[in-house]
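Each chain, letter by letter, is given below.
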Amino acid sequence: MAAILVISFIFMITMEYFAFSKDIKPILKVYEEGCLNLNSLRLAFATLHSFPILTFKRIMVPHLIGLSAPAVILATVFIKMELLKIPYSFVLLAMIGAILVAGMHGIIEFFLTIKAIQPLLKELSSTAGQRFNESLSLEGKRVISIKRKFQLSFLYITVFPILLFGLATQVKLDILRESVQNYWSWAAFIILIGLAFAYFGSKLLFLDVNQPIIQLQESMKNIQDGNLAKTDELYSDEFAGLVSGFNHMVDAINIRDKQNQLMFESFLESLSAALDARDPYTAGHSGRVAAYSILIGEKYGLSEYELSLLRKSAILHDIGKIGISDKILQKDGKLSDEEFAEIKRHPVIGANIVQQVQGFTDMDVVIEGIMFHHERYDGHGYPRGISRNTIPLFGRIIAVADAFDAMTSNRPYRNGMAFDKALIIIEEGKGSQWDPEFASIFVELMREPAHTQKVTC
């Protein structure tokens, strides 16, 4: 009997090794080849989705046959040679038992493999995105249906305990011919084994169905929170279509948002151009202030999204001057106190104009830069007279950029100040007129060789 088990085990391992090597080859190719290509990633991705079925087939074919075929042949030969003293019927019962156990084993391995391949599916998708800017997807194609999963699972979950019980008790009674009391003790043990397999199999089936539902619920919550991120395509049944459709929806929303963003930025540029058209002497001022502000923001460490908001705020920082009369706005000489008081209204006017824009997130931050870019760090600015860090971040950044460009630009009543002289004034005004951190950042940046020339629009 030991010889039969050893020889059968060797046959089984050999057959399964060759079958497994063939199944995993497309996946290993991704990691073995020197130069990755997108086709290899797609093939590996598709193969991984088929791996649970391939695992089930390996257990039911090379695994089962590799163990059972030599065992049956050798057992029959040894019985005939009288080296093994068991009835021939036991060989048949053993074959039936092997099929039962292999089927339940295959179902359990099927669901465990589904879980096991998911980290690798994520890695392949991440690699395709990072290396080729492409996403891997089954495009909703099913490798196996949920219906087939339930059919096979329920078949084994319900039938396996009954057949196992009947088979095992038959063998037990044939060998020992025990009393009824011992029979029921043995029967209870076999029933517990069958129920344990059935419970474990049903739990795996539940987890297989529940996971994509939870994943989609979490992804939809992310959408509600404004995080337009696609979800991982980890499934090869009907959920593959749901996940693929969800990701196509996210792509469509992102495309729409980008189009809206472009339209919004074009709108901002139009407003800025309208202001420049009113006063040709300050044409390009808003663009230069935006460029200077972005330099400060980058050095300060703002994110790409924050820099995008900062640029919008800087482009529109003087939009309120549209509400100031040309007589005051284009006056060559010194402004009277009344005229200067009118000019000082432009941050509030600008904030009110931009406040009317609806449908875009974080507009409050953009408005803060427009509203407070003339506040002073020491509290002597306008329109509110607030000081230090109570001045919003964008207001403190734009204040430095706006002052520098105003000093270095030509006006009808004066020529622009020398570049170095303006930087000295900014440096001397740290902590009084301007935020010392942003003033220092700007002066440092402008004195670097890469920024020795004035920013142009």
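Residues numbered from 1 in each chain as written. Predicted model: local features only at pLDDT ≥ 70, side-chain atom pairs only at ≥ 80, totals over all residues. Heavy atoms only, no water.

A count of helices and strands for the protein gives 15 helices and zero strands. Here the protein holds 457 residues, and the buried ones make up 41% of them. Pairs at least 24 apart in sequence give 70% of the contacts found in the protein among residues at least 6 apart. Here the protein displays about 24800 Å² of accessible surface, and carbon together with sulfur accounts for 61% of that area. (Helix = DSSP H or I, 4+ residues; strand = E, 2+ residues; numbered from the N terminus. Buried < 20%, exposed > 50% of the residue type's maximum accessible area, 1.4 Å probe, protein only. Contact = heavy atoms within 4.5 Å. Areas by Shrake-Rupley, 256 points an atom, 1.4 Å probe, with all protein chains shown as cover.)

In this structure the tally under the stated criterion is nine aromatic pairs. Ring geometry for Tyr17 versus Phe18: centroids 5.6 Å apart, planes at 75°, classification edge-to-face. Judged by its relative accessible area of 53%, Tyr17 falls in the exposed class. Classification of Phe18 as exposed rests on a relative accessible area of 56%. Ring geometry for Phe404 against Phe419: centres 5.4 Å apart, planes inclined by 90°, an arrangement best described as edge-to-face. One end of the pair, Phe404, is in helix H13 (residues 393-408); the other, Phe419, is in helix H14 (residues 419-428), and 15 residues separate them in sequence. (Phe/Tyr/Trp six-rings, centres within 6.5 Å; stacked < 30°, edge-to-face > 60°.)

Moving on, we get to the packing of helix H6 (residues 238-278) against helix H8 (residues 304-315). Taken N-terminus to C-terminus, the directions of H6 and H8 make an angle of 25°; their axes are 9 Å apart at the nearest point. The angle between H6 and H8 falls in the class roughly parallel. Touching Gln261, Phe264, Glu265, Leu268, Glu269 and Ser272 of H6 are Ser308, Arg311, Lys312 and Ile315, all from H8. Grouping the constituent residues of the contact of H6 with H8 by class yields three nonpolar, three polar and four charged. (Axes fitted to C-alpha atoms, helices over the stretch in contact; angles between N-to-C directions. Parallel < 35°, antiparallel > 145°, perpendicular 65-115°, else oblique. Nonpolar A, V, L, I, M, F, W, Y, C, P; charged D, E, K, R; others polar.)

Here the amide bond leading from Tyr382 into Pro383 is cis, since omega sits at 15°, within 30 degrees of zero. Relative to the assigned elements, Pro383 resides in the loop between helix H12 (363-372) and H13. Even without being glycine, Glu82 reaches a positive phi, approximately 60°. Considering the arrangement of structural elements, one finds Glu82 in the loop between helix H2 (38-80) and helix H3 (88-132). For Asn133, which is not a glycine, the phi torsion comes out positive at approximately 55°. Mapped onto the fold, Asn133 is located in the loop between H3 and helix H4 (146-176). Look at Asn133 and you get exposed, because its relative accessible area is 70%.

What follows concerns the environment of Gly320. Turning to its location among the elements, Gly320 is positioned in the loop between H8 and helix H9 (326-329). Judged by its relative accessible area of 0%, Gly320 is buried. It is 8.9 Å that separates the C-alpha atoms of Gly320 and Leu275, two residues lying 45 residues apart in sequence. Excluding residues that lie within four positions of it along the chain, Gly320 makes contacts with His346, Ile349, Gly350 and Ile353.

The subject of this paragraph is a nonpolar patch on the surface. A cluster of nonpolar side chains, Ile73, Val77, Met81 and Leu83, forms an exposed patch at the surface whose accessible area comes to about 410 Å². Within the secondary structure layout, Ile73 lies in helix H2. (Patch = residues over 30% accessible without salt bridge, like charges linked within 9 Å, V, L, I, M, F, W, Y side chains within 5 Å. Salt bridge = Lys/Arg side-chain N within 4 Å of Asp/Glu carboxyl O.)

Within the largest apolar cluster, 49 residues are counted, with the highest numbers of intra-cluster contacts made by Leu310, Leu316, Phe404, Ile426, Phe442 and Met446. With nine residues, the top contributor of residues to this core is H13. Here Ile426 is in contact with Val400, Ala403, Phe404, Met407, Trp434, Ala439 and Val443, once residues within four sequence places are set aside. Counting 25 residues, the second-largest nonpolar core is a separate cluster that includes Phe45, Ile117, Ala128 and Leu216. (Core = buried A, V, L, I, M, F, W, Y, C linked by side-chain atoms within 4.5 Å.)

The first and last C-alpha atoms of H6 sit 61 Å apart over 41 residues, in line with the 60 Å expected at 1.5 Å per residue. Sitting at the head of H6, Asp237 places a side-chain oxygen 2.9 Å from the backbone nitrogen of Phe239. (Expected span 1.5 Å × (residues − 1). Polar contact = N/O pair within 3.5 Å; in protein donor to acceptor, adjacent residues only side chain to side chain.)

Let us look at the environment of Leu36. Note on placement: Leu36 falls in the loop between helix H1 (2-32) and H2. Distance in space between the C-alpha atoms of Leu36 and Phe132 is 9.8 Å, their sequence separation being 96 residues.

Attention now moves to the packing of H2 against H3. In contact at an axis separation of 8 Å, H2 and H3 are set at 165° when each is read in the N-to-C sense. When the interaxial angle is binned, H2 and H3 end up roughly antiparallel. Crossing of H2 against H3: the hand is right-handed. Broken down by class, the residue content of the contact of H2 with H3 amounts to 30 nonpolar, eleven polar and two charged. (Left-handed = near helix turned anticlockwise from the far one by under 90°.)

Turning to the pattern of salt bridges, a few remarks are in order. Here the structure, examined in full by the defined rule, presents eleven salt bridges. Asp405 serves as the salt-bridge partner of Arg288, at 2.6 Å between the closest nitrogen and oxygen. A residue pair is termed long-range when its members are at least 10 positions apart, and Arg288 in helix H7 (residues 285-300) and Asp405 in helix H13 qualify at 117 residues. Residue Arg288 is classed as buried on the basis of its relative accessible area of 11%. In this structure, Glu342 and Arg345 form a salt bridge, with 2.7 Å as the shortest nitrogen-oxygen distance. Here Glu342 falls in the partly exposed class, since its relative accessible area comes to 24%. Residue classification places Arg345 among the partly exposed positions, given a relative accessible area of 39%.

Tracing the backbone shows Thr113 in helix H3. With sequence-adjacent residues up to four places away left out, Thr113 is seen in contact with Phe51, Pro52 and Thr55.

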